[in-house]
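# Inside the fold
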Amino acid sequence: GESKEVLHKTISNGGGTISADLSFDGMYLSVASSSHGVSIWNAATYEELFTFPVKNEGYVFGQFNPDGSLFATTENGKSVKIWSLPLSGETQVVTASDNSSLQSVAYSPDGTRLATITSGLNAILVIRDAFTNQELLTIQDIDICCSIKFSPDGKYIATASAYGAKIWDSTTGVTVQTFVGHKD
């Protein structure tokens, strides 16, 4: 018979996978689950390198910064933890100013800003300086939000919810475009 090359391998961290992120250099893959935390894998060898355990069941997300030197994790709790890579320890903790649960995190493409969004009704999006933690922009009363993502040029940030999506100016907070969800 004809031999086939393996083009991909399934990586599992025990179920309940919520999100995944690939480092910009393609070396690392993060896989997040509500039951097992966030695992960092070598994307070439499929070796699990480290797991950030979950303290509370719920939403868990992780994202690499653009140069791959930092990794941000969040769970259905009150903070985002910033870790240095290679994994040598926690470097910074970002907390929600209003005691809300932080649901998602996103780095700007240049790595200078870190965005967080709270879970639940009337979510709050906060964009901070990634190095000083200074709040640069706060957008309040966003629909129940699932995820956030900066545009490739960093000028905009998108929020996605069960009701649709919005694109915001990431400097002024002005809504640029609204996309309404399915009506069927």
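Conventions and cut-offs
- Residues numbered from 1 in each chain as written.
- Predicted model: local features only at pLDDT ≥ 70, side-chain atom pairs only at ≥ 80, totals over all residues.
- Heavy atoms only, no water.
- Helix = DSSP H or I, 4+ residues; strand = E, 2+ residues; numbered from the N terminus.
- Buried < 20%, exposed > 50% of the residue type's maximum accessible area, 1.4 Å probe, protein only.
- Pairing = 2+ DSSP bridges.
- Axes fitted to C-alpha atoms, helices over the stretch in contact; angles between N-to-C directions.
- Polar contact = N/O pair within 3.5 Å; in protein donor to acceptor, adjacent residues only side chain to side chain.
- Contact = heavy atoms within 4.5 Å.

## Some thoughts on the environment of Glu47
Among the structural elements, Glu47 can be located in the loop between strand S3 (37-42) and strand S4 (48-52). Taking the relative accessible area as the measure of exposure, Glu47 reaches 45% and is therefore partly exposed. Through-space distance from the C-alpha of Glu47 to that of Tyr28 is 9.8 Å; in sequence the pair is 19 residues apart.

## A word on unusual backbone geometry
Its identity is not glycine, yet Tyr46 carries a phi of approximately 65 degrees, on the positive side. With respect to the element layout, Tyr46 can be found in the loop between S3 and S4. With relative accessibility at 27%, the residue Tyr46 sits in the partly exposed group. Backbone geometry places Asn133, a non-glycine residue, at a positive phi of 70 degrees. Looking at the secondary structure, you find Asn133 in the loop between strand S11 (123-129) and strand S12 (135-142).

## Thoughts on the sheet that holds S12
Strand-to-strand pairing in sheets goes through backbone hydrogen bonds, with the strands running parallel or antiparallel. Across the sheet, which stays open at both edges, the four strands sit in the order S9-S10-S11-S12 with antiparallel pairing between neighbours. A single partner strand is all that each edge strand has here, and the edge strands are strand S9 (102-107) and S12. Recorded for the sheet is a direction-independent mean angle of 15 degrees between the axes of neighbouring strands. One ladder, built from five bridges, connects strand S10 (residues 113-118) with S11; its direction is antiparallel. In the sheet register, Ile117 faces S11, and the bridge partner there is Leu125.

## Here's the deal with the side chain of Ser23
Note that Ser23 resides in the loop between strand S1 (17-22) and strand S2 (28-33). Side-chain polar atoms of Ser23 contact the backbone nitrogen of Met27, separated by 3.2 Å. If we ignore the near neighbours within four places in the chain, the residues touching Ser23 are Tyr28 and Phe64.

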